[in-house]
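Secondary and tertiary structure notes
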Amino acid sequence: MITRSSSRLHSFFKLKCNFISNSVTTPLSSSRFTPNSTSLPSLLHSTSFSNNGDPPLSRYQTVTSLDHAFNLFDEMILRKPLPSVVKFNQLLSAVAKMNHFSSCLHLFKQMCAVGVPVSEYSMNIAIRCCCQMSRTNDGFALLGCCFRRAVVPNVFTFNTLLDGLVIENKIAEAERLFKKLINQKICEPDVVTYSTVINGLCKFAIIDSLCKDKMIDDAFKLFNEMVFAKGIQPDVITYTSLIYGLCNLCRWDEVSKLLKEMEDLRISPNFQTFSILVDAFCKEGSVDEAEAVIDIMVERGEVPNIVTYNSLINGYCLQGEMSKAKTLLDSLMSRGLIPDVITYNSLLNGYCKSLKIEEAIHMFHEVTRKGLNPDVIFYNTMIQGLFRVGRCGDACQLFDEMQAQGQTPNEYTYGIILDGLCSNHQVEEALSLFHLVGDSKLKNNIVVYSILIDGAGKCGKLDIVRALFHELHVKGLQPDVRTYTAMIRGFCRVGLLREAKNLFLKMGERGCPPDNVRYCVLLMDILRTSISMMWRFFYSKWIEEVTHLMLLLYRC
């Protein structure tokens, strides 16, 4: 269902001509900023963007391969005198742009060994390579070399280190470094500095759901500090980071406000901005809005890639519109776009959820025929689909095949298999697998215990239910709402309403009250049990227990 907020955002997108035209005649009085820069359209038409007057690229900037770069470097270090550090930097930069970060670091070390006087530019390239390889600690070690060599690091150096920390999800360390730069006046932060930290906060808000709202609020505090205290105008990267965070929290009104601010500031959304909006709309179930965004992208000359279309295909699949998803896939392939494992996984998940298992199996085999390697997620999806239609043998066979193909099952895989076996009344087999895995993370996972307790309860195996629940306390695991609900439902199924009532009371005492959905589930179980039992035993004391438990649920 489309929310009121996302509908307002859709209405905003109907004004897409504002994004496309970016008319230079519209006044900026409505903006809360007062940028002094020239408007984007006039900049795009200005001669400053023409490279007619640029000097031709040197031979060090036009290397075509890694071998070419190494041969050129060997030639350079044999010269007497050595070429200038500028030429070495050009070669390093060219290798780094080819994403050969490890090789670039090797060349940098060789430079130092032969006595090339490295500059801050050389150091920045080397630090960037470390950070891009998730080796930020090595980047900080190179920062120490800067000081020993009397090379003064600049804002680009620290921006690179901040970005490296964000890449490695070390957001707290990035915040500490940022504050140190400000408090100790080490360098003057620019829009990239602020945007990097804002991006980190928004990214971490998605990873750590427990503090996501606080992280986004912190990101906005930093945004306001950048704009109002420092007078630094945000760029498209700043806005895109904030939009990403807000979309994941479904705070659509604020997304609309940011897009309006971008329009007022003549900051045009880029490919990443549009792709984030497409993905967010599809996950929200608003596929029409996602299609509208893609239309705007195309009108603006931003060509959607397979990642963007993957979001749209996934949106169709989540809505059960498999024919649309398959039609889009065929259309993309006819246009030369090559689907990846993520594309096929969305379709596979859609077919499995729609219980179209034969189509799912065909899709699974098509992936292997095309030479793509199915990953753990792909196998998990197919295994879960087979269990849903009761094909337990095929699911277990695929599980064995998965391991034979070198894919290591994760905790989610085992959860799917245990839940699938329990749902198909094969509780003993589920328990055998659970014990076979041994003393691992699986045995310390409350979700796994909840699956087993629920499965055993559905089969009326109360002895197993009690044993598993007791094991939780022995291991120091805290039951959650799902665990308690499974236990209570198990008791209700066999008419043990007094025990169900006592456990329900314990839920509240231990700070684990059921949500509205589980209240309804429990109430239905009690009513179902009471009707069944009253026909068999018209026992006043038992009726009193039913009434008491139902009153407890009603008062809550």
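In the block above lies the structure referred to throughout.
Residues numbered from 1 in each chain as written. Predicted model: local features only at pLDDT ≥ 70, side-chain atom pairs only at ≥ 80, totals over all residues. Heavy atoms only, no water.

The next point concerns the packing of helix α9 (residues 155–167) against helix α10 (residues 171–183). The contact between α9 and α10 brings their axes to 8 Å, and the two run at 160°. By the criterion of interaxial angle, the relationship of α9 to α10 is roughly antiparallel. When the axes of α9 and α10 are compared, the crossing they make is left-handed. Of α10, the residues touching α9 (which contributes F158, L161, L162, L165 and V166) are I171, E173, A174, L177, F178 and L181. Among the residues forming the contact of α9 with α10, the class breakdown is 10 nonpolar, no polar and 1 charged. (Axes fitted to C-alpha atoms, helices over the stretch in contact; angles between N-to-C directions. Helix = DSSP H or I, 4+ residues; strand = E, 2+ residues; numbered from the N terminus. Parallel < 35°, antiparallel > 145°, perpendicular 65-115°, else oblique. Left-handed = near helix turned anticlockwise from the far one by under 90°. Contact = heavy atoms within 4.5 Å. Nonpolar A, V, L, I, M, F, W, Y, C, P; charged D, E, K, R; others polar.)

Our next topic: the packing of helix α19 (residues 341–353) against helix α20 (residues 357–369). In contact at an axis separation of 8 Å, α19 and α20 are set at 160° when each is read in the N-to-C sense. Judged on the interaxial angle alone, α20 and α19 are roughly antiparallel. Considering only the axes of α19 and α20, their crossing is left-handed. Residues Y344, L347, L348, Y351 and C352 of α19 pack against I357, E359, A360, M363, F364, E366 and V367 of α20.

A few words on the pattern of salt bridges. Applying the stated rule across the entire model yields 17 salt bridges. A salt bridge links E263 to K260, with the shortest nitrogen-to-oxygen separation between them at 3.9 Å. Placement of the pair is E263 and K260 together in helix α14 (residues 252–264), with a separation of 3 residues, close to one helical turn. Residue classification places E263 among the buried positions, given a relative accessible area of 11%. Given the relative accessible area of 35%, K260 is considered partly exposed. Note that R466 and E499 form a salt bridge whose closest N and O atoms lie 2.8 Å from each other. One end of the pair, R466, is in helix α26 (residues 462–475); the other, E499, is in helix α28 (residues 497–509), and 33 residues separate them in sequence. The partly exposed category is assigned to R466, whose relative accessible area is 37%. Connected through salt bridges with shared partners, the residues R59, E75 and R79 form a single ionic network. (Salt bridge = Lys/Arg side-chain N within 4 Å of Asp/Glu carboxyl O. Buried < 20%, exposed > 50% of the residue type's maximum accessible area, 1.4 Å probe, protein only.)

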